[in-house]
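# Tertiary structure, described
The chain contents come next:
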Amino acid sequence: MSEFAVVAREDFSDVTFLLEVRHPQMARAARPGQFVIVMLHPQGERIPLTIADYDRGRGTITLVIQAVGKTTRQMQQECRVGSALFALVGPMGMPSTIGSARKVLCVGGGLGVAPVFPQARAFKEAGAQVTAVLGFRTRELVFWEDKFRRACDDLILCTNDGSAGIRGLITDGVALALKREPHIEEVIAIGPPVMMKAVAEATRPHGIRTMVSVNPIMVDGTGMCGGCRVKVGGEVRFGCVDGPDFDGHLVDFDDLMARLHRFDTQERTAQSRWSESCRMPEPAQEPAPPQSRAAAPDAYELPDPAEEVFGG
Ligand code: FAD
Ligand code: FES
Ligand code: MG
């Protein structure tokens, strides 16, 4: 079997899909919170993707990917069982701290549901009581509900339109979880930056330690290019080597969101060149600028997956 072979694929929706990729060494080394850098082709760009699961027995890691632009759409089109990635490096980033908290809340919004899973499982294995709050826009986008039910003590599913679980924003799910279990000692929140910001603001008045996984633009992933700068507590940190997990009460989310749009023009050009070359339809609409949501965090809604910029 070729290196980095795709051994399983599952499509969760029109834009979200799972790849299980063979890499026995990576599966042995991976820890919750870490990510890989992937190249689809020798000429392709390097993109960071979180290790959403790993199976040491099968020698595989699992990636859950949202097709948002040129490279992820190309992966959606080309990565089938039997195909292989050109390059896969990692595990990268600092592993999440699975501390001694006895009651933990794991919050995943949209695609962020996948990367929060290894942390939920690790806290459970460390003996903590784990509640999960999973938020999606609508029922059709829900994935891994059963996997979380098996790994956690309690699960609150929320959808923006009420088609599955409770109707409401993810912060409504967090409020309900804190009401049901007032002694939560730690919250882990992963999703779009605007969602992580909203969750951090929801927990701030309670003084609950809240860790988030940031998603700045990364190039080398080794601390050398400086592309992944993030402001945390007034200091500049590098997402790739100091993170990606940081204290959500200290992260400057507005700066993070603004920096994510630095290369919009180039990304659009790459996307449209590639669409022309493979006759893929152009995305229906341009991504909405996140600042509008950031300006009104109380009105936060999970973005359409086709527009989502994922929180790593
Ligand atoms: P483009 O059109 O090139 O970009 C779309 C948007 O994605 C950009 O506006 C930008 O905000 C972001 N982006 C583009 N290039 C990069 C880059 N090199 N690094 C980071 N963000 C970029 N996505 C997933 O679907 N699943 C994951 O598990 C996942 N984990 C991540 C973990 C980390 C630590 C980070 C930093 C990002 C993660 N992402 C994940 C985001 C993913 O890397 C981007 O969605 C992807 O690079 C977009 O590439 P594209 O060419 O398809 O889209
Ligand atoms: Fe280059 Fe972090 S990606 S320093
Ligand atoms: Mg790209």
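Summarised in this report is the structure supplied together with it. This one's a predicted model, so the numbers in the text were calculated from it and none came from an experiment.

Applying the stated rule across the entire model yields six aromatic pairs. Residues Phe 12 and Trp 144 carry aromatic rings whose centres are separated by 6.4 Å and whose planes lie at 80 degrees to one another, so their mutual orientation is edge-to-face. Of this pair, Phe 12 sits in the loop between β1 (6–11) and β2 (16–22) while Trp 144 sits in the loop between β9 (129–136) and α4 (145–151); the two residues are 132 residues apart in sequence, bridging distant segments of the chain. As far as the burial class goes, Phe 12 and Trp 144 line up, both buried. Among the aromatic residues, those joined into a cluster by ring pairs are Phe 12, Phe 117, Phe 136, Phe 143, Trp 144 and Phe 148. One cation-aromatic arrangement involves Lys 147 over Trp 144; the distance from NZ or CZ to the ring centre is 4.5 Å.

This next bit is on the pairing of strand β6 (residues 60–66). Taking burial as the measure, the seven residues of β6 include seven buried ones, the bulk of the element. Here β6 shows two buried faces, one formed by Thr 60, Thr 62, Val 64 and Gln 66 and the other by Ile 61, Leu 63 and Ile 65. Relative to β6, β2 runs antiparallel, the two being bridged by seven bridges. Each residue of the ladder has a partner; that of Thr 16, found in β6, is Gln 66. When strand β5 (residues 53–55) meets β6, the two strands line up antiparallel, connected through three bridges. Bridge assignment links Asp 55 to a residue of β6, and that residue is Thr 60. Between β5 and β6, which pair antiparallel one after the other, the connecting turn spans four residues, and Gly 59 there sits at a positive phi close to 70 degrees.

This model, assessed by the stated rule, comprises 13 salt bridges. The partner of Arg 9 in a salt bridge is Asp 11, and the shortest N-O contact between them spans 2.8 Å. A relative accessible area of 42% places Asp 11 in the partly exposed class. As a salt-bridge pair, Lys 197 and Asp 254 come within 2.9 Å of each other at their nearest N and O atoms. Of this pair, Lys 197 sits in helix α6 (residues 193–203) while Asp 254 sits in helix α8 (residues 253–259), and the two are 57 residues apart along the sequence. Through salt bridges with shared partners, a single ionic network connects Asp 53, Arg 121 and Lys 147.

Quick look at the pairing of β1 now. Sheet topology places β1 next to β2; five bridges connect them, and they run antiparallel. Looking across to β2, one finds that Arg 9 is bridged to Leu 19. Linking two consecutive strands that pair antiparallel, namely β1 and β2, is a turn of four residues.

The next point concerns the environment of Phe 123. Take Phe 123: it is sitting in helix α3 (residues 113–125). Since its relative accessible area comes to 1%, Phe 123 is described here as buried. With 23 residues separating them in the primary sequence, Phe 123 and Ser 100 have C-alpha atoms 8.7 Å apart. Setting aside residues up to four positions removed in sequence, Phe 123 forms contacts with Thr 97, Ile 98, Gly 99, Val 104, Ala 128, Val 130, Glu 186 and Ile 188.

Quick notes on the rules
Residues numbered from 1 in each chain as written. Chains lettered and ligands numbered in written order. Predicted model: local features only at pLDDT ≥ 70, side-chain atom pairs only at ≥ 80, totals over all residues. Heavy atoms only, no water. Phe/Tyr/Trp six-rings, centres within 6.5 Å; stacked < 30°, edge-to-face > 60°. Helix = DSSP H or I, 4+ residues; strand = E, 2+ residues; numbered from the N terminus. Buried < 20%, exposed > 50% of the residue type's maximum accessible area, 1.4 Å probe, protein only. Lys NZ or Arg CZ within 6 Å of the ring centre and 35° of its normal. Pairing = 2+ DSSP bridges. Salt bridge = Lys/Arg side-chain N within 4 Å of Asp/Glu carboxyl O. Contact = heavy atoms within 4.5 Å.

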